[in-house]
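The primary structure of each chain is shown beneath.
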Amino acid sequence: MSHQNVFDQFKDRAENADPLGGTLKFMVDKNVIFIDGNGDQNIVSMDDLEADCTITVSVEVLEKLRDGELNPMMAVMGGKIKIDGDMGLA
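A brief report on the enclosed structure follows.

Cut-offs used in this document
Residues numbered from 1 in each chain as written. Predicted model: local features only at pLDDT ≥ 70, side-chain atom pairs only at ≥ 80, totals over all residues. Heavy atoms only, no water. Helix = DSSP H or I, 4+ residues; strand = E, 2+ residues; numbered from the N terminus. Rg over C-alpha atoms; globule rule 2.2 N^0.38 Å. Buried < 20%, exposed > 50% of the residue type's maximum accessible area, 1.4 Å probe, protein only. Contact = heavy atoms within 4.5 Å. Pairing = 2+ DSSP bridges. Axes fitted to C-alpha atoms, helices over the stretch in contact; angles between N-to-C directions. Parallel < 35°, antiparallel > 145°, perpendicular 65-115°, else oblique. Left-handed = near helix turned anticlockwise from the far one by under 90°. Nonpolar A, V, L, I, M, F, W, Y, C, P; charged D, E, K, R; others polar.

Attention shifts here to the overall build of the protein. Broken down by element type, the protein carries three helices and five strands. Starting at the N terminus and ending at the C terminus, the protein contains elements arranged as α-β-β-β-β-α-α-β. The C-alpha radius of gyration computed for the protein amounts to 12 Å, which stays within 12% of the reference 12 Å derived for 90 residues, consistent with globular compactness. In the protein, which comprises 90 residues, the share counted as buried stands at 32%. In the protein, the share of contacts with a sequence separation of at least 24, taken over all contacts with a separation of at least 6, comes to 54%.

This paragraph deals with the pairing of strand 2 (residues 31-36). Look at any regular strand and the pattern is simple: side chains alternate between the two faces of the sheet. Sheet topology places strand 1 (residues 23-28) next to strand 2; six bridges connect them, and they run antiparallel. By the bridge assignment, Lys25 is partnered in strand 2 with Phe34. Hairpin connection from strand 1 to strand 2: two residues lie between these consecutive antiparallel strands, with Asp29 at a positive phi of about 50°. Two elements, strand 2 and strand 3 (residues 43-45), share three bridges in a ladder whose sense is antiparallel. Within strand 3, the position partnered with Phe34 by the bridge is Ser45. As consecutive antiparallel partners, strand 2 and strand 3 are separated by six residues.

Below, the discussion takes up the packing of helix 1 (residues 3-15) against helix 2 (residues 59-66). Closest axis-to-axis distance for the helix 1/helix 2 pair is 12 Å, and the angle between their directions is 45°. If you check the angle between helix 1 and helix 2, you find them oblique. Here the hand of the crossing between helix 1 and helix 2 comes out left-handed. Contacts between helix 1 and helix 2 involve Val6, Gln9, Phe10 and Arg13 from the former and Val59, Leu62 and Arg66 from the latter. Here the contact of helix 1 with helix 2 is composed, by residue class, of four nonpolar, one polar and two charged.

So, to be careful, I would describe these as geometric facts and stop short of saying anything about function.
Structure (structure tokens):
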């Protein structure tokens, strides 16, 4: 899956969800997806900005999570997803 496809999926879901109340950065195979949820709606970009929480994950793991093949908690516990910063926001 290309970075643009991953970005588009994040954008679609984030823009249709309630505002996060903070900033979240995903590092997906070293590509950035930044979500600013401080306003009335979530704004998604590819800007590499400081965030309240950073989640590092591979495209392969994201696909398994999306398809229900991997439990998110097990992925974190197994080191397949790395979370830095505000764990509550994650």
